[in-house]
Amino acid sequence: MAARIGKTVGESQPYWPAAPKRPKGAPNILVVLFDDVGFSDFGCYGSPIATPAIDAIAGRGLRYTGFHTTAMCSTTRAALLTGRNHHSVGVGCLANFDSGYPGYRGKITREAGTLAEMLRPHGYRNYMLGKWHVTSLTESGATGLFDGWPLGRGFDRFYGFMDAETDQYAPELVRDNTPVDPPGSFATGYHLTSDLVDQGIRYIADHVGDNEETPWLMWLAFGACHAPHQAPFDLIRKYDTLFADGWDAERDRRLARQVELGIVPKGTRLPPRNDAVKPWSEAPDGEKRLYTRLQAAYAAMLDHADQHIARLIAFLETVGQLDDTLIVIMSDNGASQEGGPLGMVNAMGPYNLRREPIEEKIARIDDIGGPDTHSNFPLGWAMAANTPLRRYKQNTHGGGIRDPLVMAWNKGIAARGELRHQFCHASDLAPTLLDIVGVKPPRTINGIKQMPIEGTSFARSLANAKARSKAKPQYFEMFGHRGLVQDGWKAVCFHPPGADFAQDKWELFHLDRDFNETDDLAEREPERLKAMIDEWWRQAQAHKVLPLDDRFAPRFAENAKRFHGPRTKFVFHAGMGHVPTDVAPDVRSRTYTIEADARIDGPTTEGVLIAHGDMTCGYALYIKDNRLAYDMNIGGLHHLIVSDRPVPPGNRRLGLRMRRNKGMNVATLLIDGEPVGGFETQIGFVSFISWSGLDIGRDRGSPVSHYEAPFAFTGKLRKVSVTLDDDQALDAKSAAAAALARE
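Just so you know, the residues in each chain are numbered from 1, in the order the chain's sequence is written. The predicted origin of the model limits local features to residues at a pLDDT of at least 70 and limits the giving and counting of side-chain atom pairs to 80 or more, whereas totals for whole chains, interfaces and linings rest on all residues. Hydrogens and water molecules were not included; the side-chain quantities draw on all heavy atoms of the structure.

Undergrad: Looking at this structure, I do not really get the nonpolar core. What am I missing?
TA: One recurring pattern in soluble globular proteins: nonpolar side chains tend to sit buried together. As used in this record, nonpolar core signifies buried Ala, Val, Leu, Ile, Met, Phe, Trp, Tyr and Cys residues forming a set joined through side-chain atoms within 4.5 Å. Remark: exposure states derive from per-residue accessible area (1.4 Å probe, protein chains only) relative to the maximum for the residue type, with buried under 20%, exposed over 50%, and partly exposed in between. Leu 30, Phe 34, Phe 42, Phe 222, Ile 309 and Ile 329 are the most contacted members of the largest nonpolar core, which totals 81 residues. Residues are treated as being in contact if the distance between any of their heavy atoms lies within 4.5 Å. Contact partners of Phe 42, with chain neighbours within four places excluded, come to Phe 34, Val 37, Ser 47, Thr 51, Ile 54, Leu 302, Ile 329 and Pro 404. Grouped together as the second largest cluster of nonpolar side chains are 53 residues, Ala 78, Leu 119, Leu 434 and Val 437 included.

Spelled out as structure tokens, the structure:
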């Protein structure tokens with residue numbers, strides 16, 4: 001006999017258990033999470049970038065000046081979602097690889113429930129929008145595993161992307177558990193930010209229409225302001241004049257505003273420029289124009305997101321949900337250093353060892369922010385974004401881990417426009433929200449015993465500016481960079497990759513008196529420093545930080561080899577869906593053959609047979625003007641072969657053979673096994689193919705080659721086979737650098 005659920009009809013209890021009731025006074029929760037936005041970038045934290053919606057929310061709520069993250073996106077998201085430290089839950093580094101050690105699996109452990117899973121038993125409906133990036137990307141394909149996707153971790157709906165970044169005009173979108181096409185393109189005015197907010201408004205409208213008394217959690221994680229920095233051109237040009245004075249003057253102005261606003265204490269002084277940042281005055285005029293436009297694209301992306309936040313807030317007010325909604329706005333880490341000293345217009349070329357000369361960048365100024373660019377600003381502007389803090393994302397100094405945090409709730413936060421200066425950490429957010437809702441974390445979720453919550457609620461600070469909640473030490477670690485905050489003091493070290501950990505130089509700062517880590521007290525307080533370093537090791541042992549591993553390249557290379565294993569053949573049949581890049585054939589630095597089995601109906605048959613990538617980088621095999629063509633697009637440099645004869649009608653084998661020969665890439669275009677054209681070049685897919693995925697029979701988004709997407713194949717495509725030879729000679733170091741920039 002099957003097991004019974006509840007009691008049968010006619011007994012005193014209903015067959016199905018009653019729906020959980022909303023905890024008394026529990027708010028809806030809207031979390032808005034920005035990506036790579038620096039400490040000073042919101043207007044209410046000192047920036048001239050227009051963020052009136054965020055500023056207005058701060059004006060009726062609170063701004064925190066001591067909020068700390070984990071220096072990277074996957075890791076901070078894991079801590080925010082679970083209320084535990086990132087190593088403790090298995091995401092000690094990126095979701096892009098699994099090192100095998102408990103703290104570095106790249107996926108949140110089932111023993112650490114997410115906020116959505118913890119709220120669900122109390123009646124909350126949970127909606128996830130935007131960037132996920134807390135499960136292994138090798139599990140992002142058609143077969144999952146789906147247990148680490150949003151719907152597998154407590155969210156009821158998902159619309160967004162799984163990876164660290166995506167093109168804002170042609171994103172790698174997923175709805176629930178299925179890849180979907182973007183509903184527009186650059187040509188039609190599409191942008192991912194506006195699409196995410198459209199979907200958010202729909203979720204709330206549906207929610208209110210179905211059961212407005214039920215509480216909801218909405219996690220809105222923008223792609224902004226991670227590279228590629230893409231925004232409307234008119235908005236970008238608006239910022240040219242604003243930033244024409246350069247990063248040195250901008251840093252001075254921001255610090256002055258921060259002192260005036262009370263964000264930083266009076267007397268705070270700027271630290272010296274970060275390493276590799278030259279004085280603005282030394283840049284030639286052409287470079288100044290380039291750097292200004294790159295910063296303008298970043299600023300416009302933030303401004304654009306703020307405009308759509310305003311739309312979402314206005315809708316909440318229209319449907320009567322605003323007063324009952326706790327709003328949280330923050331960034332996941334400091335501003336990014338991945339743009340390097342000179343910035344990038346299309347980073348895809350340099351990551352494949354194709355230089356992007358400064359003259360080429362300057363010539364493309366007016367393209368910045370558009371669909372054929374993958375731009376990122378130079379170090380000087382990242383430094384200014386993090387004003388007045390040192391270093392950047394990836395680092396455990398303030399510039400990597402100290403971020404803006406805004407909270408407002410019309411019914412629950414009486415304070416208006418106040419500041420909160422106490423220390424708090426990403427792992428503290430979930431317990432704070434649970435505290436506000438009035439529920440305790442469950443002991444088990446889906447039958448799995450839960451590990452303890454490691455964060456500490458700072459809910460008391462909503463009403464009391466003097467409340468202090470986190471007395472225990474908080475450790476930091478990323479790529480060997482380390483830090484510890486305890487009792488108002490901070491010990492921190494910068495770790496050069498490959499250096500002896502024992503030789504790292506530790507610094508010591510009294511944060512209560514030295515907001516931005518400018519007065520190193522290590523030599524004056526050696527005993528305190530030693531005690532804090534010893535405590536760091538204890539925390540590291542307790543939270544699965546060990547073994548320390550600063551190997552960038554080997555970790556990425558090992559993960560790729562372990563995932564693909566001995567597989568050398570991929571067969572893609574007609575009717576299949578989109579293939580994410582991390583599970584697509586790895587054709588980097590190797591010999592491979594592509595063959596499409598297709599029927600050609602005549603000279604008008606055309607379209608894509610296989611395409612992997614987008615405008616900025618990738619490859620495509622297609623028929624156009626009755627000729628077979630293959631395009632290897634390396635950072636916008638097209639290596640195009642067109643067949644020397646028409647494609648005859650009938651059933652055909654259409655392909656491309658790529659051979660590695662003494663460092664050269666030798667391509668041969670094939671019709672029924674016969675060569676019909678070719679090229680030879682040193683340039684190729686050295687580090688990566690694209691961060692956009694693969695399709696057969698069409699190119700669904702941003703076109704790899706010279707056609708208009710989707711350029712669907714008009715003949716009969718049966719299948720496409722990709723065969724890989726076992727001769728891959730991957731440049732692991734550059735591949736790791738490219739993957740790291742993707743974060």
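From this point, the discussion proceeds with the structure in view.
Undergrad: How should I be thinking about the environment of Leu 730 in this particular structure?
TA: In DSSP terms, a helix is any run of H or I states spanning at least four residues, a strand is any run of E spanning at least two, and both are numbered starting from the N terminus. Take Leu 730: it is sitting in the loop between β29 (716-724) and α14 (732-741). The class of Leu 730 is partly exposed, set by a relative accessible area of 25%. Between the C-alpha atom of Leu 730 and that of Ile 49, which follows or precedes it by 681 residues, the distance is 42 Å.

Undergrad: Teacher, can you tell me more about the pattern of salt bridges here?
TA: Two side chains carrying opposite charge are able to pair once their charged atoms lie near each other. A carboxyl oxygen of Asp or Glu within 4 Å of a side-chain nitrogen of Lys or Arg is what we treat as a salt bridge. For the coordinates displayed, the defined rule picks out 47 salt bridges. The shortest N-O distance in the salt bridge between Lys 107 and Glu 139 comes to 2.8 Å. Here Lys 107, found in the loop between α2 (73-82) and α3 (115-119), pairs with Glu 139, found in the loop between β4 (125-131) and β5 (157-161); they are 32 residues apart in sequence, far enough to count as distant. Both residues of the pair, Lys 107 and Glu 139, belong to the buried class. For Asp 303, the salt bridge identified is with Lys 238, shortest N-O distance 3.0 Å. Taken together, the positions of Asp 303 in helix α7 (residues 285-318) and Lys 238 in helix α5 (residues 233-238) put the pair 65 residues apart, joining distant regions of the chain. Judged by relative accessible area, which is 46%, Lys 238 ranks as partly exposed.

Undergrad: Before we go on, may I ask you to explain the pairing of strand β24 (residues 637-642) in this structure?
TA: Regular strands have side chains that alternate between both faces of the sheet. Across six bridges, the pairing between strand β23 (residues 627-634) and β24 is antiparallel. Across the sheet, residue Asp 631 finds its bridge partner in β24, namely Leu 640. From the end of β23 to the start of β24, which pair antiparallel, there are two residues, and Gly 635 there has a positive phi angle of about 60 degrees. Strands were regarded as paired on the criterion that DSSP finds at least two bridges between them.

Undergrad: Which parts of the structure should I look at to understand the side chain of His 612?
TA: One can find His 612 in strand β21 (residues 607-614). His 612 gets classed as buried once you look at its relative accessible area, which sits at 1%. Setting aside residues up to four positions removed in sequence, His 612 forms contacts with Thr 581, Ala 584, Cys 617, Gly 618, Tyr 619, Ile 689, Ser 690, Ser 692, Gly 693, Leu 694 and Val 704.

Undergrad: What exactly am I supposed to notice about the packing of helix α1 (residues 52-59) against α7 here?
TA: Working note: a packed helix pair is described by the angle between its axes plus the distance between those axes. α7 packs onto α1 with a crossing angle of 55 degrees between their chain directions and a minimal axis gap of 7 Å. Taken together, the axes of α1 and α7 lie oblique to each other. Side by side, α1 and α7 meet where Pro 52, Ala 53, Ile 54 and Ile 57 of the first sit next to Asp 306, Ile 309, Ala 310 and Ile 313 of the second. For the contact of α1 with α7, a count of residues per class yields seven nonpolar, no polar and one charged. Axis lines are fitted to C-alpha atoms, over the contacting stretch for helices. Their N-to-C directions set the angle, which ranges from 0 to 180 degrees. Comment on the angle field: the value is read as roughly parallel under 35 degrees, roughly antiparallel over 145, roughly perpendicular from 65 to 115, and oblique elsewhere. Residues are grouped as follows: nonpolar covers Ala, Val, Leu, Ile, Met, Phe, Trp, Tyr, Cys and Pro; charged covers Asp, Glu, Lys and Arg; every other residue, Gly included, is treated as polar.

Undergrad: Whenever I open this one, the sheet that holds β29 confuses me. Can you help?
TA: Strands in a sheet are paired, the pairing made by backbone hydrogen bonds, and the direction either parallel or antiparallel. Strand order across the open sheet formed by six strands is β19-β29-β20-β25-β26-β27, with antiparallel pairing between neighbours. Unpaired on one side and paired on the other, β19 (569-573) and β27 (674-681) mark the two borders of the sheet. On average, each strand axis in the sheet is inclined to that of its neighbour by 15 degrees, with strand direction left out of account. Judged from the seven bridges that link them, strand β26 (residues 664-671) and β27 form a sheet pairing that is antiparallel. When the bridges of β27 are listed, Val 666 appears paired with Glu 680.

Undergrad: Explain the state of the cysteines to me, please; I cannot follow it from the model alone.
TA: Here is the idea: a disulfide is a covalent bond, and it sits between the sulfur atoms of two cysteines. The disulfide criterion used throughout: a pair of cysteine sulfur atoms within 2.5 Å. In the structure shown here, the tally under the stated rule is zero disulfides. Left without a disulfide partner, Cys 225 is nearest to the cysteine sulfur of Cys 73, which lies 14 Å away.

Undergrad: Is there a simple way to explain the packing of aromatic side chains in this structure?
TA: Any aromatic ring pair is given by two values, namely how distant the centres are and how the planes are angled relative to each other. Stacked, edge-to-face and tilted labels apply to pairs of Phe, Tyr and Trp rings (six-membered ring for Trp) whose centres lie within 6.5 Å, assigned for plane angles under 30 degrees, over 60, and everything in between, in that order. All told, the structure shown has 30 aromatic pairs when counted by the stated rule. Ring centres of Phe 39 and Tyr 45 lie 5.6 Å apart, and the angle between their planes is 75 degrees; on these two criteria the pair is classed as edge-to-face. Here Phe 39 matches Tyr 45 in class, with each residue buried. Residues Phe 146 and Trp 149 carry aromatic rings whose centres are separated by 4.7 Å and whose planes lie at 70 degrees to one another, so their mutual orientation is edge-to-face. The exposure class of Trp 149 is buried, given its relative accessible area of 1%. Grouping aromatic residues by their ring pairs yields a cluster made of Phe 34, Phe 39, Phe 42, Tyr 45, Phe 222 and Phe 515. Here Arg 391 stacks its cationic end above the ring of Phe 494, 3.9 Å away from the centre of that ring. Arg 567 extends its terminal NZ or CZ atom over the ring of Phe 570, reaching a point 3.8 Å from the ring centre. Think of it as a cone above the ring: NZ of Lys or CZ of Arg counts as a charge over the ring if it is within 6 Å of the ring centre and within 35 degrees of the ring normal.

Undergrad: Where do I start with helix α6 (residues 247-261) in this structure?
TA: Because each turn of an α-helix spans 3.6 residues, side chains separated by three or four positions in sequence point in the same direction. Multiplying 1.5 Å by the helix residue count minus one yields the expected span of that helix. Given a rise of 1.5 Å per residue, 15 residues ought to cover 21 Å, and the 21 Å separating the end C-alpha atoms of α6 matches this to within 8%. Listed in full, the buried residues belonging to α6 are Trp 247, Asp 248, Glu 250, Arg 251, Arg 254, Leu 255 and Gln 258. One side of α6 carries all its buried residues, which in axial view fall inside an arc of 155 degrees. Looking at the buried side of α6, the elements it contacts are α7 and α9 (379-385). As used here, the arc is the angular range of directions from the helix axis to the C-beta atoms.

Undergrad: Any chance you could explain the environment of Leu 270 here in plain terms?
TA: Topologically, Leu 270 is positioned in the loop between α6 and α7. With relative accessibility at 22%, the residue Leu 270 sits in the partly exposed group. A sequence separation of 56 residues divides Leu 270 from Thr 214, and the C-alpha atoms of the two residues are 48 Å apart. Once residues lying within four places of it in the same chain are set aside, the contact partners of Leu 270 are Arg 251, Asp 252, Leu 255, Thr 387, Pro 388 and Asn 516.

Undergrad: Got a minute to help me understand helix α12 (residues 526-542) in this structure?
TA: Over its 17 residues, α12 runs 24 Å from end to end, which matches the ideal 24 Å to within 8%, given 1.5 Å per residue. Among all positions in α12, only Leu 529, Met 532, Ile 533, Glu 535, Trp 536, Gln 539 and Ala 540 are buried. End-on view of α12: buried residues confined to an arc of 160 degrees, all on one side of the axis. In α12, those exposed residues whose orientation departs by more than 90 degrees from the buried face are Glu 527, Lys 530, Arg 538, Gln 541 and Ala 542. Taken from the residues just after α12, Lys 544 is the one with a positive phi, measuring 65 degrees.

Undergrad: Is there a simple way to explain the pairing of β5 in this structure?
TA: Most of β5 sits inside the fold, with four of its five residues counted as buried. Pairing of β4 with β5, which is carried by five bridges, proceeds in the parallel orientation. Bridged to Leu 129 within β5 is Tyr 159. Relative to strand β6 (residues 174-175), β5 is paired through two bridges, and the arrangement is antiparallel. The partner of Gly 160 across the bridge, within β6, is Val 174.

Undergrad: In this structure, what is going on with unusual backbone geometry? I would like to understand it.
TA: Apart from glycine, the bulk of residues carry a negative phi angle, and the bulk of peptide bonds sit in the trans form. Put simply, Thr 387 and Pro 388 share a cis peptide bond, and its omega is 0 degrees. Take Pro 388: it is sitting in the loop between α9 and α10 (398-401). Here Ala 709 and Pro 710 are connected by a cis peptide whose omega angle stands at 10 degrees. For Gln 394, which is not glycine, the phi torsion reads 90 degrees and is therefore positive. Despite not being glycine, Asn 446 shows a phi value in the positive range, around 55 degrees. Inspection of the secondary structure puts Asn 446 in the loop between β13 (444-445) and β14 (448-449). Residue Asn 446 is classed as exposed on the basis of its relative accessible area of 64%.

Undergrad: Would you mind going over the sheet that holds strand β18 (residues 506-510) with me for this structure?
TA: The sheet built from four strands is open, its strands ordered β15-β16-β17-β18 with antiparallel pairing. In this open sheet, the two strands that pair with only one neighbour each are β15 (474-478) and β18. Strand after strand, the sheet turns through a mean of 15 degrees between neighbouring axes, direction not considered. In this structure, strand β17 (residues 489-493) lies alongside β18, joined through five bridges in antiparallel fashion.

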